[in-house]
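Here are the chains, one letter per residue:
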Amino acid sequence: MAKNKAVEPIEIEDGEDEVRQSSGQRVYSLLREQILSLKLPPNAELDEVQFSRELGFSRTPIREALIRLAADSLVVLAPNRGARVAPLDFDQVPQLIETLELYERATTRWAAQRRLPLHLVALERANSDFAAACETGDPRLVVETNWAFHDAINQACGNQYMAADCSKMLRGVMRLSLLAFRQNDTSLADYDIVVAQHQEMIDAIRAGDADRAEELAYLHSDEFRDRMKTFISGKPTSELSLGERRAR
């Protein structure tokens, strides 16, 4: 099992936000960023004593943060064995995506039937944030704002249990999404397509067209499935140059 390395410090600006943040929230934000950015790799052991020494917090807020990260499916807590970063089980990806697709079809369909005006505002804002993130070309920001958009759909579905489960599952695939974005050559034009797809989903939800909303969710999920297939299988060897090719 991989050992955890030192946690890289994150500067926290002074001001009201710092006052409002509890120690547990600050540790949670720091460790979550390290895990999602893969600076803390899958299966890395998370030593509370070491974190306490490095971060300057007592073990109580660190334990609180680890419990929250476990609820996000980013950390695994084992009795008498401590904590570790959740593994990335590539053999389970097909089942994960299949389940996520069903969740998203249901939440998007229900959002079209149950959304409130405030949900439509949140969806437009989330897609605007996603578009802005795409302009930066920062994979970490793109993945985070994409999660926020789909979470906004979940919040509009009118079922808090389904919304929570779907959002948690989306959290679970964020690291996979980040790895896929980093590996695949993605242009701004590709991002523009996703922004447009999001807008189509918003329009269907606003119109109360449940059938269309579900169809768009399926198509959107299918493209994600294709990206994951490409990521897991790797690029074809025909794209790799081993030297000058001789004509036959």
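See the structure printed just above.
Residues numbered from 1 in each chain as written. Predicted model: local features only at pLDDT ≥ 70, side-chain atom pairs only at ≥ 80, totals over all residues. Heavy atoms only, no water.

Asker: It is not clear to me how the pattern of salt bridges should be interpreted in this structure. Could you clarify?
Answerer: Between side chains of opposite charge, a pair can form when the charged atoms approach closely. In total, this model carries 14 salt bridges according to the counting rule given. Of the charged contacts in the structure, one is a salt bridge between Glu144 and Arg140, with a shortest N-O distance of 3.1 Å. In this pair, Glu144 and Arg140 both sit in helix H7 (residues 139–155), four residues apart, roughly one turn of the helix. On the basis of relative accessibility, which here comes to 12%, the residue Arg140 falls in the buried class. Here Arg171 makes a salt bridge to Glu144, at a shortest N to O gap of 3.4 Å. On the criterion of sequence distance, the pair formed by Arg171 in helix H8 (residues 160–172) and Glu144 in helix H7 is long-range, its members being 27 residues apart. Taken individually, Arg171 and Glu144 each receive the classification buried, so the pair is uniform in this respect. Among the ionic contacts, a cluster of salt bridges with common partners joins Arg32, Glu33, Arg140, Glu144 and Arg171. (Salt bridge = Lys/Arg side-chain N within 4 Å of Asp/Glu carboxyl O. Helix = DSSP H or I, 4+ residues; strand = E, 2+ residues; numbered from the N terminus. Buried < 20%, exposed > 50% of the residue type's maximum accessible area, 1.4 Å probe, protein only.)

Asker: I'm lost on the sheet that holds strand E1 (residues 45–46) in this one. Help?
Answerer: In sheet architecture, strand pairing relies on hydrogen bonds along the backbone and comes in two forms, parallel and antiparallel. What the three strands build is an open sheet, ordered E1-E3-E2; its pairing is antiparallel. Among the strands making up the open sheet, the edge pair consists of E1 and strand E2 (75–78). Judged from the four bridges that link them, E2 and strand E3 (residues 82–85) form a sheet pairing that is antiparallel. By the bridge assignment for E3, Val76 is matched with Arg84. (Pairing = 2+ DSSP bridges.)

Asker: Is there a simple way to think about the packing of helix H5 (residues 93–114) against H8 in this case?
Answerer: Each packed pair of helices is defined by two parameters, the angle between the axes and the distance between the axes. For the pair H5 and H8, interaxial distance at closest approach is 10 Å and the crossing angle is 140 degrees. If you check the angle between H5 and H8, you find them oblique. Between H5 and H8 lies a crossing of left-handed hand. Residue-level inspection shows Leu96, Thr99, Leu100, Tyr103, Glu104, Ala106, Thr107 and Trp110 of H5 in contact with H8, the latter providing Met162, Asp165, Cys166, Met169 and Leu170. In terms of residue class, the contact of H5 with H8 is built from nine nonpolar, two polar and two charged. (Axes fitted to C-alpha atoms, helices over the stretch in contact; angles between N-to-C directions. Parallel < 35°, antiparallel > 145°, perpendicular 65-115°, else oblique. Left-handed = near helix turned anticlockwise from the far one by under 90°. Contact = heavy atoms within 4.5 Å. Nonpolar A, V, L, I, M, F, W, Y, C, P; charged D, E, K, R; others polar.)

Asker: Looking at this model, I keep getting lost on the packing of aromatic side chains. Mind explaining?
Answerer: Describing an aromatic ring pair means giving the distance of the ring centres and the angle of the ring planes. Summed over the entire model, instances satisfying the criterion amount to zero aromatic pairs. One residue, Arg68, lies across the ring of Tyr28, its end atom 3.8 Å from the ring centre. Positioned over the ring face of Trp110 is Arg114, at 4.7 Å from the centre of the ring. (Phe/Tyr/Trp six-rings, centres within 6.5 Å; stacked < 30°, edge-to-face > 60°. Lys NZ or Arg CZ within 6 Å of the ring centre and 35° of its normal.)

Asker: Before we go on, may I ask you to explain unusual backbone geometry in this structure?
Answerer: Residues other than glycine predominantly adopt negative phi, and peptide bonds predominantly adopt the trans conformation. Not every positive phi belongs to a glycine, and Asn43 is a case in point at roughly 75 degrees. Position of Asn43 among the secondary structure elements: in the loop between helix H2 (23–36) and E1. Its identity is not glycine, yet Ser73 carries a phi of approximately 65 degrees, on the positive side. One can find Ser73 in the loop between helix H4 (59–71) and E2.

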